[in-house]
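Coordinate analysis (summary)
Here are the chains, one letter per residue:
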Amino acid sequence: MDKAGYLLIGLVYFLTLNFQFSYGFYLPGVAPHEYTNKDKVIIKAVKMTSIKTAHMPYDYYYLPFCEPKGKKEYKPENLGEVLRGDRIVNTAFELRMNDNIECANLCGSSTKPITVSKGDAKKFIKLIKQSYSVHMIVDNLPVATKLMTQDGKIQYEHGFKLGIMSNKVAYLHNHIRFNIKIHPNKEGTAYRIVGFEAIPRSYALNQIKNDKEGKCKLPEKGASISGQSIQKDGSTKLMFTYSVYWEKEETIEWASRWDTYLRMSDVQIHWFSIVNSLVIVLVLSGALAMILIRTLRRDIANYNKDDVEETMEETGWKLVHGDVFRPPPHPRLLASCVGAGVQIFYMFLVTITFAMFGMLSPARRGALMNAAIVMFVLMGTIAGYTSGRLFKTLKGQEWKKSAFLTATLYPGIVFGTCFILNFFLWGQQSTGAVPFTTMLALLLLWFGISTPLVYLGSYFGYRKQPYEHPVRTNQIPRQVPEQVWYMHPIICTLIAGVLPFGAFFIELFFILTAIWENQFYYLFGFLFLVFLILVISCSEITIALTYFQLCAENYHWWWRSFFMSGGCSIYVFAYCIFYYVAKLDIIDFVPTLLYFGYTMLMILTFYLLTGTIGFFSTYWFIRRIYGAVKID
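Definitions and limits used
- Residue indices follow the written sequence of each chain, beginning from 1 at its first position.
- pLDDT decides what is reported in this predicted model: residues at 70 or higher carry local features, side-chain atom pairs at 80 or more are listed and counted, and totals for whole chains, interfaces and linings draw on all residues regardless.
- Heavy atoms from the whole structure form the basis of all side-chain values; hydrogens and water molecules are not counted.
- Under the scheme used here, helices are H or I runs from DSSP no shorter than 4 residues and strands are E runs no shorter than 2 residues, and both carry numbers assigned from the N terminus.
- Burial classes: relative accessible area under 20% of the type maximum marks a residue as buried, over 50% as exposed, and values in between as partly exposed (1.4 Å probe, protein chains only).
- Two residues form a contact once any of their heavy atoms are found within 4.5 Å.
- Two strands are counted as paired when DSSP detects at least two bridges linking them.
- Note on geometry: axes are lines fitted to C-alpha atoms, helical ones only across the stretch in contact, with angles between N-to-C directions running from 0 to 180 degrees.
- For this analysis, a polar contact is any N or O atom pair within 3.5 Å, provided that within protein one partner can donate a hydrogen and the other can accept it, and provided that sequence-adjacent residues contribute only side-chain to side-chain pairs.
- Here, two cysteine sulfur atoms that lie within 2.5 Å of each other are counted as a disulfide.
- Two rings from Phe, Tyr or Trp (for Trp, the six-membered ring) form a pair when their centres are within 6.5 Å of each other. A pair whose planes differ by under 30 degrees is stacked, one over 60 is edge-to-face, and the rest are tilted.
- Charge-over-ring placement is defined geometrically: NZ (Lys) or CZ (Arg) within 6 Å of the ring centre, and within 35 degrees of the ring normal.
- Here a helix's expected span is defined as the number of its residues, less one, multiplied by 1.5 Å.
- The angle separating two fitted axes, one through the seven residues that finish at a residue and one through the seven that start at it, defines the bend at that residue.
- By definition here, a salt bridge exists when the distance from a side-chain nitrogen of Lys or Arg to a carboxyl oxygen of Asp or Glu is within 4 Å.
- pLDDT is a per-residue confidence score from the predictor, ranging from 0 to 100.
- The set of buried Ala, Val, Leu, Ile, Met, Phe, Trp, Tyr and Cys residues whose side-chain atoms join them within 4.5 Å is what this entry labels a nonpolar core.
- Patch membership requires more than 30% relative accessible area and the absence of a salt bridge. Residues of like charge join within 9 Å; the nonpolar side chains Val, Leu, Ile, Met, Phe, Trp and Tyr join within 5 Å.
- For the area figures, the Shrake-Rupley method with a 1.4 Å probe applies, and any residue is considered shielded solely by the protein chains shown.
- Here is the rule for angles: anything less than 35 degrees is roughly parallel, anything more than 145 is roughly antiparallel, 65 through 115 is roughly perpendicular, and the remaining ranges are oblique.
- In this scheme, a crossing is called left-handed if the near helix is turned counterclockwise away from the far one by less than a right angle; it is called right-handed if the turn is clockwise.
- Residue type decides the class: Asp, Glu, Lys and Arg count as charged, Ala, Val, Leu, Ile, Met, Phe, Trp, Tyr, Cys and Pro as nonpolar, and the leftover types, Gly among them, as polar.

**Some thoughts on the overall build of the protein chain**
Broken down by element type, the protein chain carries 16 helices and 20 strands. Scored against the burial criterion, the 632 residues of the protein chain give a buried share of 50%. Long-range contacts, defined as pairs at least 24 residues apart, comprise 81% of the intrachain contacts of the protein chain with a sequence gap of at least 6.

**Some words on unusual backbone geometry**
Notably, asparagine 167 is not glycine yet its phi reads approximately 55°, a positive angle. Positive phi, normally seen in glycine, also occurs at glutamine 429, with a value near 60°. Topologically, glutamine 429 is positioned in the loop between helix H10 (399–427) and helix H11 (436–463).

**Here's the deal with the sheet that holds strand S12 (residues 163–166)**
Strand order across the open sheet formed by three strands is S12-S13-S18, with antiparallel pairing between neighbours. The open sheet has two edge strands, S12 and strand S18 (228–229), and neither has a second partner. Bridge count between strand S13 (residues 169–172) and S18: two bridges; the pairing is antiparallel. Opposite tyrosine 171, over in S18, you have serine 229 as the bridge partner. On the sheet, helix H3 (residues 118–129) packs against S12 and S13 and is oriented at approximately 95° with respect to S13.

**Examining the side chain of serine 50**
Among the structural elements, serine 50 can be located in the loop between strand S2 (43–49) and helix H2 (79–84). At 3.1 Å, the side chain of serine 50 and the backbone nitrogen of lysine 52 are in polar contact. With residues up to four places along the chain from it excluded, the contact list for serine 50 reads His55, Gln130, Ser131 and Tyr132.

**Describing the state of the cysteines**
On inspection of all chains with the given rule, the structure shows two disulfides. Disulfide partner of cysteine 66: cysteine 107, at an S-S distance of 1.7 Å. Taking the torsion about the sulfur-sulfur bond, which here is approximately -55°, the covalent link between cysteine 66 and cysteine 107 counts as left-handed. One end of the pair, cysteine 66, is in the loop between S2 and H2; the other, cysteine 107, is in strand S5 (residues 101–107), with 41 residues separating them in the sequence. A single burial state applies to cysteine 66 and to cysteine 107, both of which are buried. Sulfur-sulfur distance for the disulfide between cysteine 103 and cysteine 216 comes to 1.9 Å. Its S-S torsion of approximately -110° makes the covalent link between cysteine 103 and cysteine 216 left-handed. Linking cysteine 103 in strand S5 with cysteine 216 in strand S17 (residues 216–217), this pair joins segments that are 113 residues apart in sequence. Across this residue pair, the class does not change: cysteine 103 and cysteine 216 are buried.

**Structural notes on the packing of aromatic side chains**
Following the criterion strictly, the structure yields 49 aromatic pairs and no others. Taken together, a centroid distance of 5.4 Å and an interplanar angle of 55° make the contact between tryptophan 558 and tyrosine 619 tilted. With tryptophan 558 in helix H14 (residues 558–566) and tyrosine 619 in helix H16 (residues 589–627), this pair connects stretches of sequence that are 61 residues apart. Taking relative accessible area as the criterion, tryptophan 558 reaches 2% and is therefore assigned buried. Under the relative-accessibility criterion, tyrosine 619 is labelled buried at 2%. Seen in terms of ring centroids, tyrosine 580 and tyrosine 595 are 5.2 Å apart; in terms of plane orientation they differ by 35°. Their pairing is tilted. Linking tyrosine 580 in helix H15 (residues 568–582) with tyrosine 595 in helix H16, this pair joins segments that are 15 residues apart in sequence. Judged by relative accessible area, tyrosine 580 falls into the buried class, the value being 15%. According to the relative accessible area criterion, tyrosine 595 is buried, its value standing at 0%. Each residue in the set Phe501, Phe504, Phe505, Tyr571, Tyr575, Phe578 and Phe606 is aromatic and connected to the rest through ring pairs, giving one cluster. Lying over the aromatic face of tyrosine 462, lysine 392 brings its terminal NZ or CZ to 5.7 Å of the ring centre.

**A word on H11**
Between its first and last C-alpha atoms H11 spans 39 Å; for 28 residues at 1.5 Å apiece the expected length is 40 Å, and the two agree. Taken as a whole, H11 carries its principal kink of about 30° at serine 450; the proline proline 452 stands between one and four residues after it. Along H11, the positions that sit buried rather than exposed are Thr438, Met439, Trp446, Ser450, Thr451, Val454, Gly457, Ser458, Gly461 and Tyr462. Buried-residue contacts for H11 involve H2, helix H7 (331–356), helix H8 (367–378), helix H9 (380–393) and H10.

**Description of H8**
Here H8 spans 16 Å end to end across 12 residues, near enough to the 16 Å set by a 1.5 Å rise per residue. Here H8 has its buried residues at Ala367, Asn370, Ala371, Ile373, Met375, Phe376 and Val377. Lining the buried residues of H8 we find H2, H7, H9, H10 and H11.

**Description of the pattern of salt bridges**
In total, this model carries 15 salt bridges according to the counting rule given. Here glutamate 67 and lysine 72 are joined by a salt bridge, their closest N and O atoms 3.7 Å apart. The exposure class assigned to glutamate 67 is partly exposed, which follows from its relative accessible area of 49%. Overlapping salt bridges, with partners in common, bring together Lys47, Arg84 and Asp86 in one network.

**Digging into the confidence of the model for the protein chain**
On average, residues of the protein chain score 85 in pLDDT, and 88% of them are at 70 or above. Scored below 50 in pLDDT, residues 1–29 makes 46 contacts in the model with residues more than four places away or belonging to other chains. Scored below 50 in pLDDT, residues 308–313 shows four contacts in the model against residues more than four places distant or in partner chains.

**Quick word on the nonpolar core**
In terms of nonpolar packing, the biggest core is built from 146 residues, with Met136, Phe178, Phe196 and Tyr626 touching the most fellow members. Once you skip the residues sitting within four places of it in the chain, methionine 136 turns out to touch Ile43, Lys44, Ala45, Val46, Tyr60, Phe93, Leu141, Pro142, Val143, Phe160, Phe178 and Phe196.

**Concerning a nonpolar patch on the surface**
A grouping of Phe419, Ile420, Phe423, Phe424, Trp426 and Phe589 is seen on the molecular surface, where their side chains present a nonpolar patch of about 600 Å² in accessible area. In terms of residue count, the dominant contributor to the nonpolar patch is H10 (five residues). Position of phenylalanine 424 among the secondary structure elements: in helix H10. Residue classification places phenylalanine 424 among the partly exposed positions, given a relative accessible area of 31%.

**What about the pairing of S12?**
In this sheet, S13 lies alongside S12 in antiparallel orientation, the contact comprising four bridges. Bridge pairing links glycine 163 to leucine 172 in S13. Counting the residues between successive antiparallel strands, the hairpin from S12 to S13 contains two residues, one of them, asparagine 167, with a positive phi of roughly 55°.

**A closer look at the packing of helix H13 (residues 524–551) against H14**
For the pair H13 and H14, the least separation of the axes is 9 Å and the interaxial angle reads 135°. Relative to H14, H13 is oriented oblique. As for the relative orientation of H13 and H14, their crossing is right-handed in sense. Residues Cys538, Thr542, Leu545, Thr546 and Gln549 of H13 form the contact with H14, whose participating residues are Arg560, Ser561, Met564 and Ser565. Each residue belonging to the contact of H13 with H14 can be placed in one class, and the counts come to three nonpolar, five polar and one charged.

Structure follows, in structure tokens:
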């Protein structure tokens, strides 16, 4: 096994240990809150989402739920929370620590029910049909619903269902039982909340009785129960009730209370993914080592022989030494694409490193998205420097235009796409629609911070000396001979994308599940390792195909290396289509538009990232091999 193999195995061991410890890791300042008996405990609503609508979120009070006695108070949110569609607001639930409630009226009663109008009834029916779930938090811990699998294992589903459909009739879950787990301190005088479960139920208006004091009573066990249906063509009379039960939990510590949400039942599949990726990389590394290194050594040895007769007629990749560094067409666009790819690369690397060490815990809502946006903005200097120096190397003029294209190409596509999708979200009254003030803040980050940093980097990059090339470029370009069919750019791009995609497609499944099926993704140790494997596989396959291209006397490698390495995104897009058809149940037009709109942005990001990786690895390879031969 070569050194790269031992290094990857060592990384597997280190990252596995790291992510095991990261479950209980919390940043300083995120301190637990201790409650004593009868202390007030506040339940807040976050939003309502459904996997059938591509997580098009709605505010909790989009539906006529019971409002708190005072006024609705929305929590100030960070940028990440706003972009996620979170709207954290107080609710009418009244809880006291260690005070069990068998049944309490939230609003309405059996004698004085509340009336849901025909218009609001249509909203209820619409969201129940689309399998919407309600998301709440208590002490910053999200609510979950306990489910039992067919093999007897316990799983948790985030949130609780708004209602169910039965025989084409919508039944509303108008009674919620909260089971809250608490961990006592050593003295037993104070408690920390370590679990938050909900059991939703539907009771018809005549099923729950109210006594003279106004307290409610649930149906007896074993009694026949009819649910609270929502009328299609008229108003509906109903009441909302809830129960609260406190459970002392000695085994769950506060620091590990998120394990219920972060624990993955498919860790073995992750290990299979890592082993699969390692095998692919090791096989690819071995093949390249055998083919490229031995072949290159033989070629370089032959080219450097002093025997003039043997070197009179040059063949293979040395034949194009006078054209291999000839600037490609559209150098400004190439420099801008590479600059955007570098910006994405460092943004992803820094963000995933922080997340891997537990600094972007899901307990800090929106922290991951906040970190990604801030890192992308701050990496503008590196993007500008890289694109500026590359643009000068390619004999480009007017560096300011190149800097402007670098600063606006990728962010402009992302912002323009999201702006268009935002109109559809506004039309649906979804909280996923970004407010106008948030758009202004994003524009300020873009043009007020990121763009000046790109210009600053481009200024210094363009002033630096160009990248050194070991050979001179001829004045007259050489004619490229006719290429065999399998060296066609499209064929090479499809070939180059297979191995990198095979190295990480299993991890891609978990990422898509986290995005579209309302799951927490927190195995960043695995993701970091898969990212390293992706970088190695993209680099190696692009170098190999570029070498074969040069041997065929085709020196047009600049754009081609970018396209070939980015070919992995073609398979990612195909997999996203498969995931949409096979795993999701999205029917409506707007959710479908959202899915494919955001998917295309993800594909563009991935394309620029992998294309840049392949470009720089090929550039390094070509400079090395042409610097190792004697050129007259």
